[in-house]
Amino acid sequence: MSKSAAGSTLYRLIEAGHLARQALLAPLVARGLEAGDDAILLGLADPSGTTTQALLEFTGLAADQLDARLARLESRDLLLRLAVGPEMEPGARLSQQGHAMRQSIEDHWAYLEQTLAQDLGDKRQKHLRKALKRIIEVLRF
């Protein structure tokens, strides 16, 4: 390990992850949304809607947590709750405003990715992706 924890690879990885998440939250915070709302908006990619069960699996939230978030996002006119699919299961779909918000999140993500790619260059970015993939494999036990 480095002389100090702040100089360790793990500390820098945590710091980079935290800063990346803060940067990705910028469009949410600017619109009064909360961390985690992006996962729900991104999980509602299908224009015809997504089942509540699929959203639970996508976000990893507990049912009561997801329900509270869906209610809040619905009150902000970002989504509509409805029956989805041939089985008419409970679900939701994005409203027009929700689609615009989702697009804003995706655009911001792409901008940050492009900025990193330009700074690192193709070869270093490829090596970083491989290294991060390996780190994730090692830490997932």
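Residues numbered from 1 in each chain as written. Predicted model: local features only at pLDDT ≥ 70, side-chain atom pairs only at ≥ 80, totals over all residues. Heavy atoms only, no water.

Concerning the sheet that holds strand S2 (residues 79-84)
In space, the three strands of this open sheet follow the order S1-S3-S2, with antiparallel pairing throughout. Edge positions in the open sheet fall to strand S1 (50-51) and S2, since each of these has one partner strand only. Across two bridges, S1 lies against strand S3 (residues 89-94) in antiparallel orientation. Within the sheet, the bridge partner assigned to Thr-50 lies in S3 and is Ala-92. (Pairing = 2+ DSSP bridges. Helix = DSSP H or I, 4+ residues; strand = E, 2+ residues; numbered from the N terminus.)

Observations regarding the environment of Leu-24
Position of Leu-24 relative to the elements: it lies in helix H1 (residues 9-30). By relative accessible area, Leu-24 is classed as buried at 17%. Separated by 81 residues in sequence, Leu-24 and Ile-105 place their C-alpha atoms 7.7 Å apart. Once you skip the residues sitting within four places of it in the chain, Leu-24 turns out to touch His-108, Trp-109 and Leu-112. (Buried < 20%, exposed > 50% of the residue type's maximum accessible area, 1.4 Å probe, protein only. Contact = heavy atoms within 4.5 Å.)

Some words on the pairing of S3
In this sheet, S3 lies alongside S2 in antiparallel orientation, the contact comprising six bridges. By the bridge assignment, Arg-81 is partnered in S3 with Ala-92. The hairpin turn running from S2 into S3, its antiparallel successor, is four residues long, and Gly-85 in that turn takes a positive phi close to 75°.

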